[in-house]
Amino acid sequence: RANEAGLEPPISRSAAAFLREQAVVPGGSMRHASWFPPHPPYAARGEGCWIVDIDGRRILDCANNFFSLVHGHAFPPIVEALTAAISRGTAFGLPTEGEIALAEALAARNPNLAQTRFCNSGTEALLAAVKGARGASGRHRVAKFEGCYHGSYDHMEVSLESTPENWDDAEGNPACVPYAKGTPPAVLADTVVLPYADADRCAAILRKHGPTLAAIVLDPHASKAGMVAMPAEVVAVVQEACARDGILLIVDEVVNFRLGFGGISPAFGLRPDFVTLGKIIGGGLPVGAVSGPASAMAVFDHAKGKPKVALGGTFSANPLTMAAGLASLTHYDAAAVARLNALGDALRTRVNAGFAAAGAAARLGGMGSLFRLHLGARKVVDYRSARPLPAEAAALPRIHAAMLAAGVLLTPNCSGALSTPMTEAEIALIADRLVQSTLATEV
Ligand code: PLP
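Residues numbered from 1 in each chain as written. Predicted model: local features only at pLDDT ≥ 70, side-chain atom pairs only at ≥ 80, totals over all residues.

Novice: What is the right way to look at the sheet that holds strand β10 (residues 288-292) in this model?
Specialist: Neighbouring strands of a sheet are bound in pairs by backbone hydrogen bonds; such pairs are parallel or else antiparallel. The strand order across the open sheet formed by seven strands is β4-β10-β9-β8-β7-β5-β6, and the pairing between neighbours is mixed. At either end of the open sheet lies a strand with only one pairing partner, and these are β4 (115-119) and β6 (191-194). For this sheet, the mean angle separating the axes of adjacent strands, direction not counted, is 20°. Bridge count between strand β9 (residues 274-278) and β10: four bridges; the pairing is antiparallel. Along β10, the bridge assignment pairs G278 with G288. (Pairing = 2+ DSSP bridges. Helix = DSSP H or I, 4+ residues; strand = E, 2+ residues; numbered from the N terminus. Axes fitted to C-alpha atoms, helices over the stretch in contact; angles between N-to-C directions.)

Novice: In this structure, what is going on with the site of the ligand? I would like to understand it.
Specialist: Neighbouring the ligand are 14 residues, the closest being S121, G122, T123, G151 and V254. With three residues, helix α5 (residues 122-137) is the single largest residue contributor to the shell around the ligand. Its residues placed into classes, the shell around the ligand shows five nonpolar, seven polar and two charged. (Near = placed C-beta within 6 Å. Nonpolar A, V, L, I, M, F, W, Y, C, P; charged D, E, K, R; others polar.)

Novice: Before we go on, may I ask you to explain the packing of helix α4 (residues 97-109) against helix α11 (residues 319-330) in this structure?
Specialist: Orientation of α4 relative to α11, taken along the N-to-C sense of each, is 35°, at an axis distance of 9 Å. The hand of the α4/α11 crossing is left-handed. Residue-level contacts link G98, E99, A101, L102 and A105 of α4 to P319, M322, A323, G325, L326 and L329 of α11. Among the residues making up the contact of α4 with α11, the classes are represented as eight nonpolar, two polar and one charged. (Left-handed = near helix turned anticlockwise from the far one by under 90°. Contact = placed C-beta atoms within 7 Å.)

Novice: Looking at this structure, I do not really get α4. What am I missing?
Specialist: One turn of the α-helix equals 3.6 residues, which is why residues spaced by three or four share an orientation. Taking 1.5 Å per residue, 13 residues should reach 18 Å; α4 reaches 19 Å between its end C-alpha atoms and fits that length. On the buried face of α4, the contacting elements are β4, β10 and α11. (Expected span 1.5 Å × (residues − 1).)

Novice: What's the story with the domain arrangement of the protein chain in this structure? I'm lost.
Specialist: Quoted interface sizes are often the accessible area lost when the parts come together. You can read the domains of the protein chain as domain 1 (13-74 + 333-439) and domain 2 (77-330). Placing the centre of domain 1 and that of domain 2 at their C-alpha centroids yields a distance of 25 Å. Listed by partner, the interface residues are 23 residues for domain 1 and 24 residues for domain 2. Of all elements in the fold, only α12 (334-358), β11 (362-367), β12 (370-375) and α13 (383-386) reach the threshold of two or more residues within the side of domain 1 that touches domain 2. Each residue belonging to the side of domain 1 that touches domain 2 can be placed in one class, and the counts come to 12 nonpolar, nine polar and two charged. (Domains from an automatic or database assignment.)

Novice: Could you clarify how one ought to interpret the nonpolar core in this entry?
Specialist: Nonpolar side chains in soluble globular proteins tend to be buried together. A215, I216, L248 and I250 are the most contacted members of the largest nonpolar core, which has 124 residues in total. Broken down by element, this core gets its largest block of residues, eight residues, from α5. Both domain 1 (13-74 + 333-439) and domain 2 (77-330) contribute no fewer than three residues apiece to this core. Aside from chain neighbours lying at most four places away, what touches L248 is A133, A136, S137, A214, A215, D273, F274 and A296. (Core = buried A, V, L, I, M, F, W, Y, C linked by C-beta atoms within 7 Å. Buried ≥ 20, exposed ≤ 12 C-beta atoms within 10 Å, placed from the backbone.)

Novice: What am I meant to see in helix α3 (residues 76-86) here?
Specialist: Buried residues of α3: I78, A81 and A85, and no others. One side of α3 carries all its buried residues, which in axial view fall inside an arc of 65°. Seen from the buried face of α3, the exposed residues on the opposite side, beyond 90 degrees, are P76, E80, T83, A84 and I86. If you follow the buried residues of α3, they end up packed against α11. (Arc of directions from axis to C-beta.)

Novice: Would you explain the pairing of strand β1 (residues 43-47) in this entry?
Specialist: The side chains of a regular strand alternate between the sheet's two faces. The sheet contact formed by β1 and strand β2 (residues 50-53) spans four bridges and is antiparallel. Each residue of the ladder has a partner; that of G46, found in β2, is I51. Counted along the chain from β1 to the antiparallel partner β2, the turn is two residues long, and its residue G48 has a positive phi close to 60°.

Novice: Would you mind going over the sheet that holds strand β14 (residues 415-417) with me for this structure?
Specialist: Reading across the sheet, the three strands line up as β11-β12-β14 and stay open at both edges, with antiparallel pairing between neighbours. Of all the strands in the sheet, the pair left with one neighbour each is β11 and β14. The average angle at which neighbouring strand axes cross in this sheet is 20°, direction not considered. The sheet contact formed by β11 and β12 spans six bridges and is antiparallel. Paired with M367 across the two strands is L370, which belongs to β12. Where α12 meets the sheet, its contacts fall on β11 and β12, and the angle it forms with β11 comes to roughly 170°.

This is the structure we're talking about:
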């Protein structure tokens, strides 16, 4: 009202939308992982690697809907596939040829993804894979790595943001720390937490708990664990424990599938029983999937009598998602993967050269088309070393805000994902602005 009376300068349309949303949505935004003060810009539309907000500002999008948009926004082949699919109807409660085609496309990329069942989110995929491992093993406990995000399913949502005050248990192992208030004690008792970069400790924990575990869940290039590669020694310890104790290995590729034509497991020599997928395989529509060799996926086989584990859902393998996902993967062939990964390497080289020239204690890490900014001079190897110190934690939101003011959207912790519409020109723009924004921010 003050505005209408001309008493204050007009506020932006995004600010007004945020005020309006706060009345009907707790916290004033559905996107809690991309909320930042005073409020995010509200998106109106997307064009390739650009978002146009409701105030008409063009923003270069490096957040790409939590890294799920490998082709950016309104990618013409996806729009065409969706337009054709939607005119045929949106959901049938019957199988469609679209789900066969997308499952075949995954199998053609990696023989270990021979069979697939689709669901609607990465969270659901993790939940289903863990249930599958329980059904197959007859055990119910699971192990996961400290600081690794696998969606918001109870057993995976522990030890995400533990702090020095609570991160060790009495034996000096990573403690199982609840993230959500109200996490049932049984969840904590049934979840074993492993260190991301300490093979000896990992081996000792698995020797103790291995025979009780249905599954070990891992992401070998986990964002919260610093977007650094899990050491080969840890991978070997995990594979060994799985073979020794009959534990199923679940590799979470919801984010990292984009890094290789057949996903990320081959590069790490991982031999998963289940691979959880999501994000880019849905072409921008809600998606999740569990894939694996036929021997492991048999636990979900409902054609041969009652399934050991049911994996279905009202909107699973939705025809629109299947059409968009197939277009997304078809246009993300081996050459496109290699090109996008090379653009990521070029970005890191350019930014790190800028930091080095200025003598700044900062580094752009990550792999392929995924990147994350680290402040400080210490070596990042896991969640604990990646966790920003207090001064860094205060500086990152300011760098994020400076980037947004300069027209580049990162995630609030200053990580990002590239998309295929980007060229060297966008890489240069992101790099130059990231170097400037970081150097201009006091840590
Ligand atoms: N696994 C990883 C590694 C993720 O990063 C995410 C989401 O960001 C998930 C699982 C959960 O996926 P969704 O948000 O689709 O539930």
